[in-house]
Amino acid sequence: MSARVLIIEDDEQILKFLRRGLAYEGYQVDTAIDGPSGLAIARDNPPDVVVLDLMLPGMDGLEVCRRLRAGGPVPILILTAKDTLNDRIQGLDMGADDYMVKPFNLDELLARIRALLRRAQPAHPQVLRFADLTLDTGTRQAVRGDKAIPLTAKEYELLELFMRSPRQVITRETIFDKVWGYDFGGESNIIEVYIRYLRQKLEEGGQPRLLHTVRGMGYVLRESN
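What comes next concerns the included structure. On a predicted model such as this, the values are computed, not experimentally measured, just so you know.

## Things to note about the sheet that holds strand E6 (residues 127-130)
Phase 1: Sheet architecture is open: 4 strands sit in the order E6-E7-E8-E9, paired in antiparallel fashion. Looking at strand neighbours, the two that pair on one side only are E6 and strand E9 (147-149), the edges of this open sheet. Averaged over all pairs of adjacent strands, the angle between their axes in this sheet comes to 25°, without regard to strand direction.
Phase 2: Pairing between strand E8 (residues 141-144) and E9: 3 bridges, direction antiparallel. Looking across to E9, one finds that Ala-142 is bridged to Ile-149.
Phase 3: Lying over the sheet, helix H6 (residues 153-163) contacts E6, strand E7 (133-136) and E8, oriented at roughly 115° with respect to E7.

Below, the structure written as structure tokens:
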């Protein structure tokens, strides 16, 4: 059966364009023009992926994103005219998996939807371990020592990348490719922002640093000297 895509978008022209393009690619398409009705559709007919505008009537798109994420692991792609780095970080912090800025290219949007659907396929869960840190890929739960560490969607993906390659330097380019799937811009500091978020959580309570900067190269998960 083809994947079901829910589009929550209040611009009728964009909505029609997306519905036609996705239907042509074989997707089942549901649409909503405001936040509350989008949430109701997601509850009654759970989608495989959501395309979500941020500026919506009835409920802010960030709140819709937060509620969708609280309801389960459905992939969420934000599609919006809001294009500052802070807007993108806010969207990702609320649980979005990807972020595109209008005007957009339909072929690129379709490629990102395919990527989100591939990533959502269930894999055999593992428990990754490094030093006193564990990461359960089934529950997406991180624990350091005996303390659980709450992670956003992007923080989890970033930590999983490091946990799968301990003691190996991972470049910014690799992080962009593996975690975001595309470039926020060569001068963007979004990686530094998320590294800082992870460090704050991993080092809470005075725990020794595990995530280190290798100047001019990237980052590495290793024990402190």
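Next comes the rest of the account.
## Digging into the side chain of Asp-87
Phase 1: Looking at the secondary structure, you find Asp-87 in helix H4 (residues 85-93).
Phase 2: There is no salt bridge for the buried Asp-87, and the closest opposite charge comes from Lys-82, which lies 4.1 Å off by N-O distance.
Phase 3: Separated by 2.8 Å, the side chains of Asp-87 and Thr-84 make a polar contact.

## Considering the environment of Asp-83
Phase 1: Tracing the backbone shows Asp-83 in the loop between strand E4 (76-80) and H4.
Phase 2: What makes Asp-83 partly exposed here is its relative accessible area of 47%.
Phase 3: Expressed as a C-alpha distance, the spacing of Asp-83 and Leu-198, which sit 115 residues apart in the sequence, is 24 Å.
Phase 4: Not counting residues up to four positions away in its chain, the partners in contact with Asp-83 are Arg-88 and Val-101.

## Concerning the packing of aromatic side chains
Phase 1: On inspection of all chains with the given rule, the structure shows 2 aromatic pairs.
Phase 2: Seen in terms of ring centroids, Phe-17 and Phe-104 are 6.1 Å apart; in terms of plane orientation they differ by 55°. Their pairing is tilted. With Phe-17 in helix H1 (residues 12-24) and Phe-104 in the loop between strand E5 (98-101) and helix H5 (106-119), this pair connects stretches of sequence that are 87 residues apart.
Phase 3: Ring geometry for Tyr-194 and Tyr-197: centres 5.2 Å apart, planes at 70°, overall edge-to-face. Within this pair, Tyr-194 and its partner Tyr-197 are both found in helix H8 (residues 190-202), separated by 3 residues, close to a single helical turn.
Phase 4: Judged by relative accessible area, Tyr-194 falls into the buried class, the value being 0%.

Definitions and limits used
- Residues numbered from 1 in each chain as written.
- Predicted model: local features only at pLDDT ≥ 70, side-chain atom pairs only at ≥ 80, totals over all residues.
- Heavy atoms only, no water.
- Pairing = 2+ DSSP bridges.
- Helix = DSSP H or I, 4+ residues; strand = E, 2+ residues; numbered from the N terminus.
- Axes fitted to C-alpha atoms, helices over the stretch in contact; angles between N-to-C directions.
- Contact = heavy atoms within 4.5 Å.
- Buried < 20%, exposed > 50% of the residue type's maximum accessible area, 1.4 Å probe, protein only.
- Lys, Arg positive; Asp, Glu negative; His and termini not counted.
- Salt bridge = Lys/Arg side-chain N within 4 Å of Asp/Glu carboxyl O.
- Polar contact = N/O pair within 3.5 Å; in protein donor to acceptor, adjacent residues only side chain to side chain.
- Phe/Tyr/Trp six-rings, centres within 6.5 Å; stacked < 30°, edge-to-face > 60°.

The analysis is restricted to geometry; functional conclusions fall outside its scope.
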